[in-house]
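# Structure at a glance
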Amino acid sequence: MTFDVSDSHIQMRVISQPQYLCAIRNMINIIGGKCGLSSTETDHAVLAVDEATTNIIRHGYKDAPDQFINVAIRPLNDTAGQGMEIIIDDQCKDVSPDQIQERDLSVLKPGGLGIHILYRIMDHVHFEQRPDMQGIRLTLRKYHKPQENGS
Amino acid sequence: MSQTHEITTLPDGSLISCIGEIDYSYSPELRQIFRQVLDTKPQRLIIDLQGVAYMDSSGVAVLVEALQTQTKAKRQLFLCNLQTKVRGIFEIARLDMVFKIKDSVEDAKQA
């Protein structure tokens, strides 16, 4: 089930310039602990959001510096436990969720690691067409697991 | 935190010491720096990441490119002083067994 962005506790609208990636990372870093995540789990959420937003700037917007990315966060406390949900919306043209695929890591080559990282470190990763307008919505969830390091 | 780097000439190559967070705001510039150093054909290239608290996959891609260049030319590349978070992304990307990772610059010089 995907929740509406209006359920979020915090929203950030960021222009598509790499210099502001650190602001998104800092926000996730601050909120992770407040959502019950350990430091390691928070680090994973930070990396996942960084990879996702970098992919949007680089591949979705093709480095155009005048587009926008919306990042919405809300705490989770459901049957899977306590954690954080992050919804990342873009307005990319000509990209469909089906095109977003992991690559084969057995071949050593630069690039293409971002999607692999998302699926490896997050508990829930879902790409879909935005319900409200053109673009892709990525929903990420990270839950606290007491056995992980740093809990 | 702003990013910077320092290049030191070694008897058999070069040492690049990176400082700051390496993300997509810096990795294109870092790629150019690496290409300039790689053009000098260093037999041993050591990359000291002690000052790097965070790296994303765009930074990892720069290092993979450098490794490919060095390997193709039968030259060496060592990473050293990886902080926990940075080592983590190499493990997630399954690259921790691909790169030669040393605990210190001295270890990399003697390897």
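All values reported here derive from a predicted model rather than from experimental measurement.

Here the focus is the overall build of chain B. From N to C terminus, chain B includes four helices and five strands. The helix and strand sequence of chain B, counted from the amino end, reads β-β-α-β-α-β-α-β-α. A compact globule built from 111 residues would reach a C-alpha radius of gyration of about 13 Å, and chain B, at 13 Å, matches this within 12%. Expressed along its principal axes, the backbone C-alpha trace of chain B runs to roughly 30 × 25 × 25 Å. Classification of the 111 residues of chain B by burial places 53% in the buried group.

Further remarks concern the pairing of strand 3 (residues 44-51) of chain B. Residue and element names in this part refer to chain B. The buried fraction of strand 3 amounts to six of the eight residues, a majority that puts the element mostly inside the structure. Relative to strand 3, strand 2 (residues 13-19) runs parallel, the two being bridged by six bridges. Paired with Ile 19 across the two strands is Gly 51, which belongs to strand 3. With helix 1 (residues 27-38) bridging strand 2 and its parallel neighbour strand 3, the resulting β-α-β unit is right-handed. Relative to strand 4 (residues 76-80), strand 3 runs parallel, the two sharing five bridges. Of the residues in strand 4, the one forming a bridge with Leu 45 is Leu 77. For the segment spanning strand 3, helix 2 (residues 57-72) and strand 4, crossover handedness is right-handed.

Right, let's talk about the confidence of the model for chain B for a bit. Mean pLDDT over chain B works out to 96, with 99% of the residues at or above the 70 mark. Among the prediction metrics, the complex's ipTM stands at 0.92, with pTM recorded as 0.92.

Moving on: the sheet that holds strand 4 of chain B. Residue and element names in this part refer to chain B. Reading across from one edge, 1-2-3-4-5 is the order of the five strands in this open sheet, with mixed pairing throughout. Strand pairing shows two members of the sheet lacking a second neighbour, strand 1 (4-10) and strand 5 (100-102), which therefore form its edges. Geometrically, the sheet is characterised by an average inter-axis angle of 20 degrees between neighbouring strands, direction not taken into account. As defined by bridge partners, strand 4 adjoins strand 5 across three bridges and the pair is classed as parallel. Along strand 5, the bridge assignment pairs Leu 79 with Ile 101. In this fold helix 2 packs onto strand 3 and strand 4, with an angle of close to 150 degrees to the strand it touches most, strand 4.

All names here are of chain A. Ordered in space as 1-2-3-5-4, the five strands form an open sheet in which the pairing is antiparallel. In this open sheet, the two strands that pair with only one neighbour each are strand 1 (10-15) and strand 4 (124-129). When the angles between neighbouring strand axes are averaged without regard to direction, this sheet yields 15 degrees. Bridge count between strand 3 (residues 81-89) and strand 5 (residues 136-143): seven bridges; the pairing is antiparallel. Its bridge partner being in strand 5, Met 84 is matched across the sheet by Lys 142. Strands strand 1, strand 2 (68-78) and strand 3 of the sheet are contacted by helix 1 (residues 21-34), whose axis makes an angle of about 165 degrees with strand 1. Packing of helix 3 (residues 114-121) onto the sheet brings it into contact with strand 4 and strand 5, and relative to strand 4 it is tilted by some 130 degrees.

Moving on, we come to the environment of B:Ile92. Locating B:Ile92 in the fold gives a position in helix 3 (residues 84-92). Residue B:Ile92 is classed as buried on the basis of its relative accessible area, which comes to 10%. Counting along the chain gives 46 residues from B:Ile92 to B:Ile46, while the straight-line C-alpha distance between them is 22 Å. When residues no more than four places from it in sequence are discounted, the contact partners of B:Ile92 are A:His44, A:Leu47, A:His116, A:Ile117, A:Arg120 and A:Ile121.

Moving on, we come to helix 1 of chain B. Residue and element names in this part refer to chain B. In this model, helix 1 (12 residues) spans 16 Å end to end at C-alpha, consistent with the 16 Å of a helix rising 1.5 Å per residue. When we look at burial in helix 1, the residues that qualify are Ser 27, Leu 30, Arg 31, Ile 33, Phe 34, Val 37 and Leu 38. One side of helix 1 holds all its buried residues, which, seen down the axis, span an arc of 165 degrees. Contacts made by the buried residues of helix 1 are with strand 1, strand 2, strand 3 and helix 2.

What follows deals with the packing of aromatic side chains. Evaluated as defined, the whole model comprises one aromatic pair over all chains. Ring geometry for B:Phe90 against B:Phe99: centres 5.4 Å apart, planes inclined by 90 degrees, an arrangement best described as edge-to-face. Judged by relative accessible area, B:Phe90 falls into the buried class, the value being 0%. B:Phe99 gets classed as buried once you look at its relative accessible area, which sits at 4%. Note that A:Arg13 overlies the ring of A:Phe68, its terminal NZ or CZ placed 3.7 Å from the centroid.

What counts and how
- Residues numbered from 1 in each chain as written.
- Chains lettered and ligands numbered in written order.
- Predicted model: local features only at pLDDT ≥ 70, side-chain atom pairs only at ≥ 80, totals over all residues.
- Heavy atoms only, no water.
- Helix = DSSP H or I, 4+ residues; strand = E, 2+ residues; numbered from the N terminus.
- Rg over C-alpha atoms; globule rule 2.2 N^0.38 Å.
- Buried < 20%, exposed > 50% of the residue type's maximum accessible area, 1.4 Å probe, protein only.
- Pairing = 2+ DSSP bridges.
- Right-handed = clockwise from strand over helix to strand, strands pointing away.
- pLDDT = per-residue confidence, 0-100.
- Axes fitted to C-alpha atoms, helices over the stretch in contact; angles between N-to-C directions.
- Contact = heavy atoms within 4.5 Å.
- Expected span 1.5 Å × (residues − 1).
- Arc of directions from axis to C-beta.
- Phe/Tyr/Trp six-rings, centres within 6.5 Å; stacked < 30°, edge-to-face > 60°.
- Lys NZ or Arg CZ within 6 Å of the ring centre and 35° of its normal.

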